[in-house]
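The primary structure of each chain is shown beneath.
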Amino acid sequence: MSSFLNPTLRLLTASAPVGISGSLRVYIAFLLAGIAPCLIPCIASGLIIYATYTLDRAIPCAEDEVNQGYLTFANRRIGVAWCILAYLLGAALLFWEGIFLVPILPLVIGYLYTKGLRMGAHTFKLKGGAGMKNAVIGLTWGGSIALVVAHWTTSPVIVLPIFLFFGLKLFINSTLFDIKDLKGDLAAGIRTIPAYLGERGAKYLLTGLSLFLHGAMAYLIVTGFLRPEVVIVGYSCLIGVVFIGLYSTEWERRPTGIRKHFRQIAIQGESGIALGLRFLMGVVPVVLLPGYV
């Protein structure tokens, strides 16, 4: 029993930080739009994000044998069942709020990303191509976050910068993960951005995109289009540029130490740290539950 228990637990918990980070991103999206955050869609979005990423781990593929060898002996049926439970709970919460498209979009995209659509002798799969996978991740989750916020605003235009911010950030973050997974992706024949540009070239590209994104957000804040969440946007820019510049794949192979976990802290911990800094600076957000005005 112990031979598969630990790998199975790792399968079930590996994407938990991603789900929590997703919940906090939705919370931040409310703040940027100038809307008092509601906890229900934040929790629901985190559950759906967790389910989607855990499903990707639970269904084996060629590159995972190299990138995620620790899951070899995991009970993937338990993983799939857990994904279904988390997804249904998240979808039920969003349906309760009257949001119907958001639960469906990641499910369809997630299936095409993980399993693909078989057409004759060929399989159309989103998980591949230089930047294609990253664009899909950015469009899916950036679009989902924007759609959640759109349900609470009477100004549809405000949704566009929310989509731009999270869509491009997730594109950047997923490309950084491709640097870590370069060996496995090449073994599986997946030509990611780092595979084409190399680690240094990919980092130059991502630094440019990050500076462009945060420059655009600063302009929207200065012109009064977005709520002036200076701490959140400023920390996002700082940690993004610093992380891209300092990150090295050699750190991933360290047995212990903060550098080994720098990627998780910088990417998955970004939203929590930004909100913590915002709180410490005396800006306490208001949380609204259903039925409160």
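Look up a bit, the structure's there.
What you see is a predicted model, and the numbers here were worked out from it, not measured in a lab.

Q: It is not clear to me how a nonpolar patch on the surface should be interpreted in this structure. Could you clarify?
A: Residues I258, I265, I273, L277, F279 and L280 make up a contiguous nonpolar surface patch of about 580 Å² in total accessible area. As for its placement among the helices and strands, I273 is situated in helix α13 (residues 270–280). For I273, a relative accessible area of 32% translates into the label partly exposed.

Q: For this particular structure, what's the right way to read the packing of helix α2 (residues 16–32) against helix α3 (residues 39–58)?
A: The angle between the axes and the distance between the axes are what describe a pair of packed helices. For the pair α2 and α3, the least separation of the axes is 7 Å and the interaxial angle reads 145 degrees. The hand of the α2/α3 crossing is right-handed. In contact with A16, V18, G19, G22, S23, V26, Y27 and F30 of α2, α3 contributes L39, P41, C42, I43, S45, G46, I49, Y50 and Y53. Looking at the contact of α2 with α3, its residues break down into 12 nonpolar, 5 polar and no charged.

Q: Would you mind showing me how to read the side chain of T52 here?
A: With respect to the element layout, T52 can be found in helix α3. Here I48 takes part through its backbone oxygen, which lies 2.8 Å from a polar atom of the side chain of T52.

Q: Looking at this structure, I do not really get helix α7 (residues 132–150). What am I missing?
A: Side chains that are three or four residues apart share a direction in an α-helix, a result of its 3.6 residues per turn. A rise of 1.5 Å per residue sets the reference length of α7, with its 19 residues, at 27 Å; its end C-alpha atoms lie 26 Å apart and thus fit the reference within 8%. The buried count for α7 comes to 14 of 19 residues, which makes it a mostly enclosed element.

The rules we used
- Residues numbered from 1 in each chain as written.
- Predicted model: local features only at pLDDT ≥ 70, side-chain atom pairs only at ≥ 80, totals over all residues.
- Heavy atoms only, no water.
- Patch = residues over 30% accessible without salt bridge, like charges linked within 9 Å, V, L, I, M, F, W, Y side chains within 5 Å.
- Areas by Shrake-Rupley, 256 points an atom, 1.4 Å probe, with all protein chains shown as cover.
- Salt bridge = Lys/Arg side-chain N within 4 Å of Asp/Glu carboxyl O.
- Helix = DSSP H or I, 4+ residues; strand = E, 2+ residues; numbered from the N terminus.
- Buried < 20%, exposed > 50% of the residue type's maximum accessible area, 1.4 Å probe, protein only.
- Axes fitted to C-alpha atoms, helices over the stretch in contact; angles between N-to-C directions.
- Left-handed = near helix turned anticlockwise from the far one by under 90°.
- Contact = heavy atoms within 4.5 Å.
- Nonpolar A, V, L, I, M, F, W, Y, C, P; charged D, E, K, R; others polar.
- Polar contact = N/O pair within 3.5 Å; in protein donor to acceptor, adjacent residues only side chain to side chain.
- Expected span 1.5 Å × (residues − 1).

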